[in-house]
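Each chain is listed here by its residues.
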Amino acid sequence: MSNIDKILVPFDFSEASINALEYAVNFVGPNRLIDILALYVSAMPTVESEKNTLKADFTKIAKSFKKKTKTPPAFITAEGEVIETILTAQEQHKTHLILMGTMGDKSTDEAITNTSRLVLEANCPVVSIPFGCSIKEPKDIALVMGNEKIDDKEVLKTLLDVARTFNSRVHVLTIYKESVYEEESVVESTESLLEYYLEHFYVEHAFSKNQDVEEGILDYINKKNIDLLAILPRNHTRLSSPSEGRLTKLLTLHSEIPVLTLD
């Protein structure tokens, strides 16, 4: 049984947020008992008439999608700084997953978007949905693992939930720069864990040598026709040394498929 029963979708009426909402509707589908909560964040307080207009416009957009859900997506508004308000709403409404659209930025490695900030600051799983990506069920998922051990096995529950929901194949990928032996030694200690927690959905652990880790990941995505990329942000690890989340940020900016950040 899935642990996901409520999804939060930050929504500002941009093309990216509309795309993310449609992805969420497709993700939930017509038969699953999962609520979608769309959150509109404004910097200034909005009067009741403005809220009613926003809600009416949102309803029109949601009704325009070909696919429907058992319960229509709900719309709420809040005031404040975008990321802080989203994280507060996630806690208040006890949503188990955030789906947020992004336009990305392939021209630079230094860009900071609200989505790339959110995936690093959130303490729950986040799926970043790049504008223009195919809206389809994730049948092939790639989980990226480095040479660090999994500190918190609970984070794999969301990945298992998604795999069960869509009967997905989970490919585990490790990119190494110099020697594969160090990575393989870690794999030996995590292989049984992956098989246990990911059940029969786990199909392979692939290794690829590339000095540019991000490039290696994106090449694998194209080669295997991956529908969803899953990552374990090291800035949230408990036992290994936290990083600044640079790879997480880059993948959020550059990936052309949805990226699930497990937390």
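Computed from a prediction, not measured in an experiment: that's the story for all the values here.

Caption draft 1: The overall build of the chain, seen in detail. Summing up its helical and strand segments, the chain has 8 helices and 10 strands in all. The burial tally for the chain puts 52% of its 263 residues in the buried class. Across the chain, contacts joining residues at least 24 apart in sequence account for 83% of those joining residues at least 6 apart. By element, 49% of the accessible surface of the chain is carried by carbon and sulfur atoms, the whole surface being about 12,900 Å².

Caption draft 2: Inspection of the packing of aromatic side chains at higher detail. For the coordinates displayed, the defined rule picks out 8 aromatic pairs. Grouping aromatic residues by their ring pairs yields a cluster made of Phe-11, Phe-13, Tyr-40, Phe-58 and Phe-75.

Caption draft 3: Local environment of the pairing of strand 6 (residues 140-144). Most of strand 6 sits out of view: 5 of its 5 residues are buried. Neither face of strand 6 is open: one carries Asp-140, Ala-142 and Val-144, the other Ile-141 and Leu-143, and all of them are buried. Examined bridge by bridge, strand 6 and strand 9 (residues 228-231) share 4 bridges and lie parallel to one another. If you follow Leu-143 over to strand 9, its bridge partner there is Ala-230.

Caption draft 4: Highlighting the packing of helix 7 (residues 213-224) against helix 8 (residues 246-254). Running from N to C, helix 7 and helix 8 point in directions that differ by 45°, and their axes come no closer than 10 Å. The angle between helix 7 and helix 8 falls in the class oblique. Remark: the crossing between helix 7 and helix 8 carries right-handed chirality. Two secondary-structure elements touch here, helix 7 through Val-213, Glu-214, Ile-217 and Leu-218 and helix 8 through Leu-247, Leu-250, Leu-251 and His-254.

Caption draft 5: Structural detail: unusual backbone geometry. One non-glycine residue, Asn-167, lies in the positive phi region at around 50°. Positionally, Asn-167 belongs in the loop between helix 5 (156-166) and strand 7 (169-176). Residue classification places Asn-167 among the exposed residues on the basis of a relative accessible area of 51%. One non-glycine residue, Glu-199, adopts positive backbone phi at about 55°.

Caption draft 6: Representation of the side chain of Ser-255 within the structure. Structurally, the position occupied by Ser-255 is in the loop between helix 8 and strand 10 (259-261). A relative accessible area of 2% places Ser-255 in the buried class.

Caption draft 7: Layout of the nonpolar core. If you look at the biggest cluster of nonpolar residues, it comprises 47 residues, and the most contacted ones within it are Ile-7, Leu-97, Leu-99, Leu-143, Leu-159, Leu-260 and Leu-262. The leading source of residues in this core is helix 1 (residues 15-28), at 7 residues. Aside from chain neighbours lying at most four places away, what touches Leu-159 is Ile-141, Leu-143, Val-170, Leu-198, Ala-230, Leu-260 and Leu-262. Listed in part, the 17 residues of the second largest apolar core include Leu-87, Ala-89, Leu-118 and Val-119.

Caption draft 8: How the structure looks around the pairing of strand 4 (residues 97-102). Here strand 4 lies mainly inside the structure; 6 of its 6 residues are buried. Bridge count between strand 4 and strand 5 (residues 126-130): 5 bridges; the pairing is parallel. Bridge pairing in strand 5 places Met-100 opposite Ser-128.

Caption draft 9: How the structure looks around the sheet that holds strand 5. One open sheet holds the 10 strands; their spatial order is 3-2-1-4-5-10-9-6-7-8, and the pairing between them is mixed. With one partner strand each, in any of the chains shown, strand 3 (74-79) and strand 8 (202-209) form the two edges of the open sheet. For this sheet, the mean inter-axis angle between neighbouring strands, taken without regard to orientation, is 25°. The strands touched by helix 5 within the sheet are strand 6, strand 7, strand 9 and strand 10, with strand 6 carrying the most contacts at an inclination of about 165°. Across the sheet, helix 8 lies against strand 4, strand 5, strand 9 and strand 10, angled at about 165° from strand 9, the strand it touches most.

Caption draft 10: Representation of the confidence of the model for the chain within the structure. Looking at the chain as a whole, its pLDDT mean stands at 85, while 84% of the residues score no less than 70. No element of the chain has a lower mean pLDDT than helix 6 (residues 181-198), at 69, and none a higher one than strand 1 (residues 6-10), at 97. Taken as a whole, residues 235-244 scores under 50 in pLDDT and shows 22 contacts with residues more than four places along the chain or in a different chain.

Caption draft 11: Up close: the environment of Cys-124. Note on placement: Cys-124 falls in the loop between helix 4 (114-121) and strand 5. The class for Cys-124 is buried, based on a relative accessible area of 6%. Apart from residues lying up to four places away in sequence, Cys-124 is in contact with Gln-90, Ile-98, Thr-261 and Asp-263.

Caption draft 12: The packing of helix 4 against helix 8, seen in detail. One way to put it is that helix 4 packs onto helix 8 with a least axis distance of 9 Å and a crossing angle of 145°. In the crossing of helix 4 with helix 8, the sense of the turn from one axis to the other is right-handed. Contacts between helix 4 and helix 8 involve Thr-115, Ser-116, Val-119 and Leu-120 from the first element and Thr-248, Lys-249 and Thr-252 from the second. Counted by class, the contact of helix 4 with helix 8 contains 2 nonpolar, 4 polar and 1 charged residues.

Conventions we followed
Residues numbered from 1 in each chain as written. Predicted model: local features only at pLDDT ≥ 70, side-chain atom pairs only at ≥ 80, totals over all residues. Heavy atoms only, no water. Helix = DSSP H or I, 4+ residues; strand = E, 2+ residues; numbered from the N terminus. Buried < 20%, exposed > 50% of the residue type's maximum accessible area, 1.4 Å probe, protein only. Contact = heavy atoms within 4.5 Å. Areas by Shrake-Rupley, 256 points an atom, 1.4 Å probe, with all protein chains shown as cover. Phe/Tyr/Trp six-rings, centres within 6.5 Å; stacked < 30°, edge-to-face > 60°. Pairing = 2+ DSSP bridges. Axes fitted to C-alpha atoms, helices over the stretch in contact; angles between N-to-C directions. Parallel < 35°, antiparallel > 145°, perpendicular 65-115°, else oblique. Left-handed = near helix turned anticlockwise from the far one by under 90°. Core = buried A, V, L, I, M, F, W, Y, C linked by side-chain atoms within 4.5 Å. pLDDT = per-residue confidence, 0-100. Nonpolar A, V, L, I, M, F, W, Y, C, P; charged D, E, K, R; others polar.

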